[in-house]
Amino acid sequence: MIGAGIVGAACALACARRGLQVTVLDRGGLVAGTTGSGEGNILVSDKAPGPELDLALRSTALWQEWEGELDRHVGGGIELERKGGLIVTRTPTGMKALATAAGDLGELLDERGVHELEPELAPDILGGAFFPQDMQVQPARAAVAMLAAARELGAQLRLHTEVHRVRDLEADAVVNATGAWAAQFGTAGPVEPRRGFILVTEPLPVLIRHKVYSAEYLENVASGDAELQTSTVVEGTPGGPVLIGATRERVGFDRRPNAEALRRLATGAAALFPFLAGVRIMRSYHGFRPYSPDHLPIIGPDPRIPGLWHAHGHEGAGIGLAPATGELIADLLSGGRPTLDPAPFSPARFLGVPA
Ligand SMILES: Cc1cc2nc3c(=O)[nH]c(=O)nc-3n(C[C@H](O)[C@H](O)[C@H](O)COP(=O)(O)OP(=O)(O)OC[C@H]3O[C@@H](n4cnc5c(N)ncnc54)[C@H](O)[C@@H]3O)c2cc1C
């Protein structure tokens, strides 16, 4: 397994559980990549019916199944919160879009309903859709716990070990779980980084109870625009700070701050929750989402290089989708019948060859 982020960690745990011999290599320390920058939402609310939603629903079940074991491996636990997600809008057009987005999983709410759920929301919010299945986890804790659980089952972890060429590794199968850096091994799919900034407030009492986001977020997630896109995503954390996202832009691995992105985040959050205008921002950080052009992760064997497997390209959903990705890799590597149809995720789709 190359990569000890949440995806590599979940693959390692799922494979170790099947009795496979696993070694995880990472050029950095623990959570050295994007997983250390993820917000930790486990969402079904931002996914349209189809393979990604199927993967998300399976992952949601697995997070809850794995929770007890993972909590045991990290002090304070993985902070899995079944808080639910609330998408809100100010416009009648937004309400119409939410009526479609709610589908079977969401509940449409009027103005009173959203303010009952989130009393601090701005008064001009017209309504929303509530998704009780949305959850949140602390991604770094979760990845560390998965690696510890895998090690307990015999997996080996080698940090500060960079892989330069896949063919240098002695293994029956090599899984490329290097996230936004996956293209370095001539990956089957054109994965590239999509930068995101987050603002972190000072610790606050619990005034925001759910993950709350504006309806434009759905459009930004689905779009592939390279230009800066901002939608407002706000949520509390068990430690007290409120996390404010989300920006998306394809600017390579550019680590320089973007004042405009941070300004837009702050303005959007204060428009959604007016009390945030008087709150101090402690810090901001950024990370690189592993962007896949068709918005589906790339999971499965490389049709060109026998023994090379891929598990990357989850963009802004890699935390949420990690357990089901790990399970799918383990299903396929151990020759078992996959729980989900692997075809939509196959790396072959970018090469025009059968899966
Ligand atoms: C601002 C922001 C907010 C986000 N919020 C959410 C969210 O709320 N919910 C959600 O589900 N997702 C979220 N994401 C997305 C999520 O963080 C990613 O999809 C996920 O972390 C990807 O995990 P990964 O294991 O594929 O990659 P990474 O965590 O990047 O792990 C890849 C690893 O590969 C290692 N590596 C790379 N090259 C080599 C090499 N040559 N040799 C050895 N090791 C190598 C790296 O050191 C790294 O540790 C967010 C992302 C950002 C940036």
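Just above sits the structure.
The rules behind these values
- Residues numbered from 1 in each chain as written.
- Predicted model: local features only at pLDDT ≥ 70, side-chain atom pairs only at ≥ 80, totals over all residues.
- Heavy atoms only, no water.
- Helix = DSSP H or I, 4+ residues; strand = E, 2+ residues; numbered from the N terminus.
- Rg over C-alpha atoms; globule rule 2.2 N^0.38 Å.
- Buried < 20%, exposed > 50% of the residue type's maximum accessible area, 1.4 Å probe, protein only.
- Contact = heavy atoms within 4.5 Å.
- Areas by Shrake-Rupley, 256 points an atom, 1.4 Å probe, with all protein chains shown as cover.
- Lys, Arg positive; Asp, Glu negative; His and termini not counted.
- Charge placed at Lys NZ, Arg CZ, Asp CG, Glu CD.
- Near = heavy atom within 4 Å.
- Polar contact = N/O pair within 3.5 Å; in protein donor to acceptor, adjacent residues only side chain to side chain.
- Pairing = 2+ DSSP bridges.
- Axes fitted to C-alpha atoms, helices over the stretch in contact; angles between N-to-C directions.
- Salt bridge = Lys/Arg side-chain N within 4 Å of Asp/Glu carboxyl O.
- Parallel < 35°, antiparallel > 145°, perpendicular 65-115°, else oblique.
- Left-handed = near helix turned anticlockwise from the far one by under 90°.
- Nonpolar A, V, L, I, M, F, W, Y, C, P; charged D, E, K, R; others polar.
- Expected span 1.5 Å × (residues − 1).

## Describing the overall build of the chain
Broken down by element type, the chain carries 8 helices and 15 strands. At 20 Å, the chain has a C-alpha radius of gyration in line with the 20 Å of a compact globule built from 355 residues. Viewed in the frame of its principal axes, the chain has a C-alpha envelope of about 60 × 40 × 40 Å. Each of the 355 residues in the chain was classed as buried or not, and the buried ones make up 56%. When contacts within the chain are restricted to residue pairs at least 6 apart in sequence, long-range pairs at least 24 apart make up 76% of them. Element-wise, carbon and sulfur atoms account for 52% of the exposed surface of the chain, whose accessible area totals about 14,800 Å². Considering the chain, the positive charge centre built from 32 side chains and the negative charge centre built from 41 side chains are found 4 Å apart.

## Considering the site of the ligand
Near the ligand there are 36 residues, and of these Asp26, Thr34, Thr35, Glu315 and Gly320 occur at the shortest range. Gly40 is positioned with one of its backbone polar atoms (N or O) 3.2 Å from an oxygen atom of the ligand. Here the ligand loses 98% of its free accessible area of 1,000 Å² to cover by the protein chains. Residue assignment for the shell around the ligand shows that the elements contributing at least two residues are α1 (6-17), β9 (192-201), β13 (281-291) and α8 (318-333). With 4 residues, β13 is the single largest residue contributor to the shell around the ligand.

## Here we look at the sheet that holds β9
Strand pairing in a sheet relies on backbone hydrogen bonds, with the paired strands running either antiparallel or parallel. Spatially, 8 strands are ordered β4-β5-β3-β10-β11-β12-β9-β13 in an open sheet, and the strand pairing comes out mixed. With one partner strand each, in any of the chains shown, β4 (107-109) and β13 form the two edges of the open sheet. This sheet shows a mean twist of 20 degrees between the axes of neighbouring strands, independent of strand direction. By the bridge criterion, 2 bridges tie strand β10 (residues 211-214) to strand β11 (residues 229-236) in an arrangement that is antiparallel. Across the sheet, the residue bridging to Tyr213 is Val233, located in β11. Each of β3 (85-89), β4 and β5 (127-131) touches helix α3 (residues 92-102); the most contacted strand, β5, lies at about 15 degrees to it.

## Regarding the environment of Val191
Locating Val191 in the fold gives a position in the loop between β8 (174-176) and β9. On the basis of relative accessibility, which here comes to 6%, the residue Val191 falls in the buried class. Along the backbone, Val191 and His314 are 123 residues apart, and their C-alpha atoms lie at a distance of 9.4 Å. Excluding its chain neighbours within four sequence positions, the residues that come into contact with Val191 are Gly179, Ala180, Ala183, Pro290, Tyr291, Ile298, His312 and Gly313.

## A look at the pattern of salt bridges
One pass over the full model with this rule turns up 23 salt bridges. The salt bridge involving Glu260 is made with Arg263; its shortest N-O contact spans 3.0 Å. With Glu260 and Arg263 both in helix α7 (residues 259-272) and 3 residues apart, the pair spans about one turn of that helix. With a relative accessible area of 32%, Glu260 lands in the partly exposed category. The class of Arg263 is partly exposed, set by a relative accessible area of 46%.

## Topic: the side chain of Glu67
Mapped onto the elements of the fold, Glu67 is located in helix α2 (residues 51-72). In this structure Glu67 comes out as buried when scored by relative accessible area, which is 16%. The contacts of Glu67, once residues within four sequence positions are left out, are Ile78, Leu80 and Arg82.

## Here's the deal with the packing of α1 against helix α5 (residues 139-152)
Axis angle and axis distance: for two packed helices, these are the angle between their axes and the distance between the axes, and together they describe the pair. For the pair α1 and α5, interaxial distance at closest approach is 8 Å and the crossing angle is 30 degrees. One element, α1, and the other, α5, form an angle in the roughly parallel class. Helix-helix and strand crossings are classified by hand; for α1 and α5 the assignment is left-handed. Along its contact with α1, which presents Ile6, Ala9, Ala10, Ala12, Leu13 and Ala16, the element α5 presents Pro139, Ala142, Ala143, Met146, Leu147, Ala149 and Ala150. Broken down by class, the residue content of the contact of α1 with α5 amounts to 13 nonpolar, no polar and no charged.

## Some thoughts on unusual backbone geometry
Cis geometry is found at the peptide bond from Gly245 to Ala246, where omega equals 0 degrees. Structurally, the position occupied by Ala246 is in strand β12 (residues 242-248). One non-glycine residue, Val31, lies in positive phi territory at about 40 degrees. Residue placement: Val31 occurs in the loop between β1 (23-25) and β2 (41-42). Residue Glu315 is not a glycine yet carries a positive backbone phi of 45 degrees.

## Some points on α2
Here α2 is 22 residues long and its end C-alpha atoms lie 32 Å apart, about the 32 Å a rise of 1.5 Å per residue gives. Buried residues of α2: Glu52, Leu53, Leu55, Ala56, Ser59, Thr60, Leu62, Trp63, Trp66, Glu67, Glu69 and Leu70, and no others. Looking at the buried side of α2, the elements it contacts are α1, β2, β6 (135-136), α5, β14 (298-301) and α8.

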